[in-house]
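# Chains, contacts and geometry: an overview
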Amino acid sequence: MPELQRFDADRSPEWSEIWKAFDDEGGLIVENFISPDLLARLRNELTPLLSDKSPGNADPGFWTEFHGAMTKRVTGLAASSPAWVELLCDERYRAMGDRYLGAGDYWLNTGQLICIGPDETPQILHRDELNWPHAVREEEITVTAIFALTDFTKENGATVIAPGSNHWPGLLPPVPEESACQAVMPAGSALLYSGKVIHGGGANTTQSEWRIGLHAGFCRGWLRSEENFQLTIPLEAAKSFPASVQSLLGFRSYSPAEGGRLGLVDYDDAAHLLDRS
Ligand SMILES: O=C(O)CCC(=O)C(=O)O
């Protein structure tokens, strides 16, 4: 059974080794990524949002199966959580986007709570880059962190991942059971992974435990993001965020390294709309 490489943020890991594990195996775990104080604030601000939510998805069929009939998902988190806005500014997290997608050249793709409940079955294994099958290329187009807000265990649905599958040929090759493992990790850890690695949420076989992860990916600036932040986060709330977070959430315009200006308001940078009182 393969194992993901593990690093401990409290022991000053070499980030070159972390990126080597990312490149070689498509994913790795950094324990103690989130400080105990920030973790407590994230939980306080985010977990109340789960009580109004029912598990499952409004669309029956494939999407309920994909998103999980016994899984709660909550979006628009930045409107409710200053702690999440703080984590969005974390230099180590942003270094992943800068490195693989190009500094200033990416959006937040998802910023959602994924709360896997008792009796959930394993999620369909997938590659995140297949959100945009026509854009897939050798370079990464999306990279993701899953921050563990509770312990992730084999029993409560720790993410299933096939280390090295980022290099497997084909659109979505089958994963032999012996090639996959689970991202078992204590609360406060981060699973960092490639858009090319095959993975999915695990089954929850517990009686009453909910596995809470904060699924926070980035995608290239010229792609449409999975979550529509401009509709889930009110403009007034966005005005209070640091400019770099406004950019990540699509509240500022985007000038790709090559090409024109995108996401304009009145043919000007959307920042003008934000800066108006
Ligand atoms: O929750 C997880 O562990 C993985 C979820 C995932 O990959 C997804 O929903 O796209």
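See the structure printed just above.
This section reports on the structure supplied with the text. (Residues numbered from 1 in each chain as written. Predicted model: local features only at pLDDT ≥ 70, side-chain atom pairs only at ≥ 80, totals over all residues. Heavy atoms only, no water.)

## Focus: the packing of aromatic side chains
The way to describe two aromatic rings as a pair is by their centre distance and the angle between their planes. In plain terms, the rule: In this analysis, rings of Phe, Tyr and Trp, with Trp reduced to its six-membered ring, are considered paired at centre separations within 6.5 Å, and the interplanar angle assigns stacked below 30 degrees, edge-to-face beyond 60, and tilted for intermediate values. Per the convention used, a helix needs a DSSP run of H or I reaching at least four residues, while a strand needs a run of E reaching at least two, with both numbered from the N terminus. We call a residue buried when its accessible area falls under 20% of the maximum for its residue type, exposed when it is over 50%, and partly exposed in between, using a 1.4 Å probe and counting protein chains only. The rule for a charge over a ring is simple: NZ of Lys or CZ of Arg within 6 Å of the ring centre, and within 35 degrees of the ring normal.
With the rule as written, the count across this model stands at 12 aromatic pairs. An angle of 70 degrees between the planes, with centres 6.1 Å apart, marks the rings of Trp19 and Phe22 as edge-to-face. Pair noted here: Trp19 and Phe22 are both in helix 1 (residues 15–25), with a separation of three residues, about one helical turn. Classification of Phe22 as buried rests on a relative accessible area of 1%. On the numbers, 5.5 Å between centres and 55 degrees between planes, the contact of Trp107 with Tyr254 is tilted. Here Tyr254 lies in the loop between helix 8 (243–248) and helix 9 (271–275) and Trp107 lies in strand 4 (residues 106–116), a separation of 147 residues in the sequence. Both residues of the pair, Trp107 and Tyr254, belong to the buried class. Among the aromatic residues, those joined into a cluster by ring pairs are Phe33, Tyr93, Tyr106, Phe147 and Phe218. Sitting over the face of the ring of Trp210, Lys72 holds its NZ or CZ atom 5.2 Å from the ring centroid. A cation over a ring is seen here: Arg92 above Phe33, with NZ or CZ 3.9 Å from the ring centre.

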